[in-house]
Amino acid sequence: MGLFKKTPKNLPEFWKSYENLFKETQSKNFDDLVFVVLDTETTGFSFEEDRILSIGAVKIKKEIISVQDVFDIYLEQEKFNKETVHVHGLLKNGQRDCKSEISAMQKFLEYVGNAIIVAHHAGFDMGMLNTALERHGLPKLKNTVLDTGVIYKKTLIKSYLVQPKSNYSLDELAEKFSISRKDRHTALGDAYITAVAFLKIISRLKEKKNFSLKSLLR
């Protein structure tokens, strides 16, 4: 493979519209930024072999979750893994309106725009989303990404006595911040729990000097 990946020609209009949003410079003011907090439910943990079953997301601006502007979509199941049904509860022929993978990705791109993506253990969700895009000849997502698992550790006081764990589960964060886990393991439910955890983390980090988006990305 060459050093320069060729950009595929004939990209669909919806991709070009999405890409054009990144030509604008984002504000440096944290309160002007839009965050899309997302979660995916999948048939398993392999990017190549498994598929996304549902994507749930909520938007945050000025530290307010827009409950009237949520994203909640179910995908047609090309693959079925009965082993994971007990986690997400999504059956192959459930009574839901399901979209094709490409149609779901198009709607997701329209929703997310150039917002900053926030997810818990974001590498997994981003891997699943990017692999889905790749299957349809599309490039990877261009959004800046924050991982609540990583930024949560920035709130912990480092001492020789207490060493932070290498990673924290969403359940641990929900417990830590007393967040209800009523809709745990639905994509939208987990996105909402992650969004509340994100706001709690941000409010703690804002007390520190030099708080900025840049400080979160370090």
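Remember, it's a predicted structure, so these values are computed and weren't measured experimentally. (Residues numbered from 1 in each chain as written. Predicted model: local features only at pLDDT ≥ 70, side-chain atom pairs only at ≥ 80, totals over all residues. Heavy atoms only, no water.)

1. As for the sheet that holds strand S2 (residues 52-61)
Part 1: Sheet architecture is open: 6 strands sit in the order S4-S3-S2-S1-S5-S6, paired in mixed fashion. Across the chains shown, the open sheet's two edge strands, defined by having one partner strand only, are strand S4 (98-99) and strand S6 (145-147).
Part 2: Direction of pairing for strand S3 (residues 64-75) relative to S4: parallel, over a ladder of 2 bridges. Directly across from Leu-75, in S4, lies its bridge partner Lys-99.
Part 3: Contacts from helix H4 (residues 122-135) reach strand S1 (34-42), S2, strand S5 (116-119) and S6, with the element oriented near 80° to S1.
Part 4: Against the sheet, helix H7 (residues 187-205) engages S1, S2, S3, S5 and S6, with an angle of about 30° to S2. (Pairing = 2+ DSSP bridges. Helix = DSSP H or I, 4+ residues; strand = E, 2+ residues; numbered from the N terminus. Contact = heavy atoms within 4.5 Å. Axes fitted to C-alpha atoms, helices over the stretch in contact; angles between N-to-C directions.)

2. With respect to the packing of aromatic side chains
Part 1: Counted according to the given criterion, the structure contains 11 aromatic pairs.
Part 2: Taken together, a centroid distance of 5.1 Å and an interplanar angle of 80° make the contact between Tyr-152 and Tyr-168 edge-to-face. Remark: Tyr-168 occurs in the loop between helix H5 (148-153) and helix H6 (170-176) and Tyr-152 occurs in helix H5; sequence separation between them is 16 residues.
Part 3: Using a relative accessible area of 4% as the deciding quantity, one classes Tyr-152 as buried.
Part 4: Ring geometry for Tyr-152 and Phe-177: centres 5.9 Å apart, planes at 85°, overall edge-to-face. Of the two residues, Tyr-152 is situated in helix H5 and Phe-177 in the loop between H6 and H7; the sequence distance between them amounts to 25 residues.
Part 5: Of the residues examined, Phe-177 reaches a relative accessible area of 6% and is grouped as buried.
Part 6: One aromatic cluster in this structure is built from Phe-30, Phe-35, Phe-198 and Phe-211.
Part 7: The ring of Tyr-111 is capped by Lys-59, whose NZ or CZ atom sits 4.3 Å from the centre of that ring. (Phe/Tyr/Trp six-rings, centres within 6.5 Å; stacked < 30°, edge-to-face > 60°. Buried < 20%, exposed > 50% of the residue type's maximum accessible area, 1.4 Å probe, protein only. Lys NZ or Arg CZ within 6 Å of the ring centre and 35° of its normal.)

3. Considerations on H7
Part 1: Between its first and last C-alpha atoms H7 spans 26 Å; for 19 residues at 1.5 Å apiece the expected length is 27 Å, and the two agree.
Part 2: Within H7, 14 of the 19 residues are buried, leaving the element largely enclosed by the surrounding structure. (Expected span 1.5 Å × (residues − 1).)

4. A short note on unusual backbone geometry
Part 1: Of note, the phi angle at Glu-63 is positive, near 60°, even though the residue is not glycine.
Part 2: The residue Glu-63 is located in the loop between S2 and S3 in this model.
Part 3: Assessed through its relative accessible area of 30%, Glu-63 is described here as partly exposed.
Part 4: Notably, Ser-178 is not glycine yet its phi reads approximately 55°, a positive angle.
Part 5: By secondary structure assignment, the location of Ser-178 is in the loop between H6 and H7.

5. Details of the environment of Asp-125
Part 1: Counting through the fold element by element, Asp-125 comes out in helix H4.
Part 2: We classify Asp-125 as buried; its relative accessible area is 2%.
Part 3: Separated by 84 residues in the primary sequence, Asp-125 and Glu-41 have C-alpha atoms spaced 8.8 Å apart.
Part 4: When near neighbours in sequence (up to four residues on either side) are disregarded, Asp-125 contacts Leu-38, Asp-39, Thr-40, Ala-119 and His-120.
Part 5: Within the local environment of Asp-125, its side chain forms a polar contact with the side chain of Thr-40, the two groups lying 2.6 Å apart. (Polar contact = N/O pair within 3.5 Å; in protein donor to acceptor, adjacent residues only side chain to side chain.)

6. As for the pairing of S2
Part 1: Within S2, 9 of the 10 residues are buried, which leaves it mostly tucked inside the rest of the structure.
Part 2: With 9 bridges joining them, S1 and S2 adopt antiparallel strand pairing. Counted as the bridge partner of Leu-38 is Ala-57 from S2.
Part 3: Where S2 lies against S3, 7 bridges are found, and the strand directions are antiparallel. The partner of Lys-61 across the bridge, within S3, is Ile-64.
Part 4: Following S2, the chain reverses through 2 residues before pairing antiparallel with S3; Lys-62 in that reversal takes a positive phi of roughly 50°.

7. Structural notes on the packing of helix H3 (residues 101-112) against H4
Part 1: The interhelical angle for the contact between H3 and H4, taken along N-to-C directions, is 120°, at an axis separation of 10 Å. It follows that H3 is oblique to H4 by the angle criterion. Along this stretch, H3 crosses H4, giving a crossing that reads as left-handed. Where H3 approaches H4, its residues Glu-101, Met-105, Phe-108 and Leu-109 are matched on the opposing element by Leu-129, Ala-132, Leu-133 and Arg-135.
Part 2: Across the contact of H3 with H4, the residue classes tally to 6 nonpolar, no polar and 2 charged. (Parallel < 35°, antiparallel > 145°, perpendicular 65-115°, else oblique. Left-handed = near helix turned anticlockwise from the far one by under 90°. Nonpolar A, V, L, I, M, F, W, Y, C, P; charged D, E, K, R; others polar.)

Purely geometric numbers; function is a separate question.
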